[in-house]
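Residue-level structural notes
So the chains spell out like this:
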Amino acid sequence: MIRVVIGRKDDHIRSFKVSGHAGYDDYGKDIICSAISMLAINTVNSLQYIAGETLFTEQNEDGMLKASFDHRPNEAADVLLRSFELGVQGVIDQYGSEFVSLMYETDK
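Read on for a plain summary of the structure. (Residues numbered from 1 in each chain as written. Predicted model: local features only at pLDDT ≥ 70, side-chain atom pairs only at ≥ 80, totals over all residues. Heavy atoms only, no water.)

**Here's the deal with the pattern of salt bridges**
- Under the criterion given, the structure shown has three salt bridges.
- For Arg8, the salt bridge identified is with Glu85, shortest N-O distance 3.1 Å. One end of the pair, Arg8, is in strand β1 (residues 2-9); the other, Glu85, is in helix α2 (residues 75-95), with 77 residues separating them in the sequence.
- Here Arg8 falls in the partly exposed class, since its relative accessible area comes to 25%.
- For Glu85, a relative accessible area of 14% translates into the label buried.
- We note a salt bridge from Arg14 to Asp10, for which the minimum N-O separation is 3.6 Å. (Salt bridge = Lys/Arg side-chain N within 4 Å of Asp/Glu carboxyl O. Helix = DSSP H or I, 4+ residues; strand = E, 2+ residues; numbered from the N terminus. Buried < 20%, exposed > 50% of the residue type's maximum accessible area, 1.4 Å probe, protein only.)

What follows is the structure in structure tokens.
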């Protein structure tokens, strides 16, 4: 299962973490893994190049990606982060929560 954790502070998204594998199909054919990966990577790139934000990223060979801010993101970044959240929820709505979970936590 892919786990997406969105961190909020002051009613704004300040971080997200994507980890795990959907197990929907074989490696290289898993459209759910591809969809969530594309949403996450595109969001990180858009935050940097479109919103002009500085963010911290962490990733590993197992497919984990974490992006976080040490400040309140600007308005453009806020829209991009909410779009990421909407996209993840859309994948869950389409394919089911047995492949992707979306959780929330409060950042300190």
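**Focus: the environment of Asp70**
- Inspection of the secondary structure assignment puts Asp70 in the loop between β4 (65-68) and α2.
- In sequence terms Asp70 and Leu55 are 15 residues apart; their C-alpha atoms lie 7.6 Å from each other.
- Side-chain polar atoms of Asp70 contact the side chain of His71, separated by 3.0 Å. (Polar contact = N/O pair within 3.5 Å; in protein donor to acceptor, adjacent residues only side chain to side chain.)

**Thoughts on unusual backbone geometry**
- If you check the backbone angles, Asp10 has positive phi at about 55° while not being a glycine.
- Assignment of secondary structure puts Asp10 in the loop between β1 and β2 (12-20).

**Side note on the pairing of β4**
- Relative to β4, β2 runs antiparallel, the two sharing four bridges. Residue Ser15 lies in a different strand from β4, and its bridge partner there is Ser68.
- Relative to β4, strand β3 (residues 56-59) is paired through four bridges, and the arrangement is antiparallel. In the strand pairing of β4, Gln59 is matched with Leu65.
- If you look at the hairpin formed by β3 and β4, you'll find five residues sitting between the two strands, and Gly63 has a positive phi there, around 100°. (Pairing = 2+ DSSP bridges.)

**Describing the side chain of Glu53**
- Among the structural elements, Glu53 can be located in the loop between α1 (31-49) and β3.
- No salt bridge is formed by the buried Glu53, whose closest oppositely charged neighbour, Arg72, lies at an N-O distance of 8.9 Å.
- In terms of polar contacts, Glu53 uses its side chain to reach the side chain of His71, at 2.6 Å.
- In this structure the side chain of Glu53 is engaged in a polar contact, spanning 2.5 Å, whose partner is the backbone nitrogen of Asn74.
- Those residues in contact with Glu53 that lie beyond four places of it in its chain are Leu47, Gln48, Phe69, His71, Pro73, Asn74 and Ala77. (Lys, Arg positive; Asp, Glu negative; His and termini not counted. Contact = heavy atoms within 4.5 Å.)

**Topic: the nonpolar core**
- Judged by nonpolar contacts, the single largest core of 27 residues is most densely connected at Ile2, Val4, Phe16 and Val100.
- When neighbours within four sequence positions are excluded, Ile2 is seen to be in contact with Val18, Ser19, Gly20, His21, Ala22, Ile32, Cys33, Ile36, Phe99, Val100 and Ser101. (Core = buried A, V, L, I, M, F, W, Y, C linked by side-chain atoms within 4.5 Å.)

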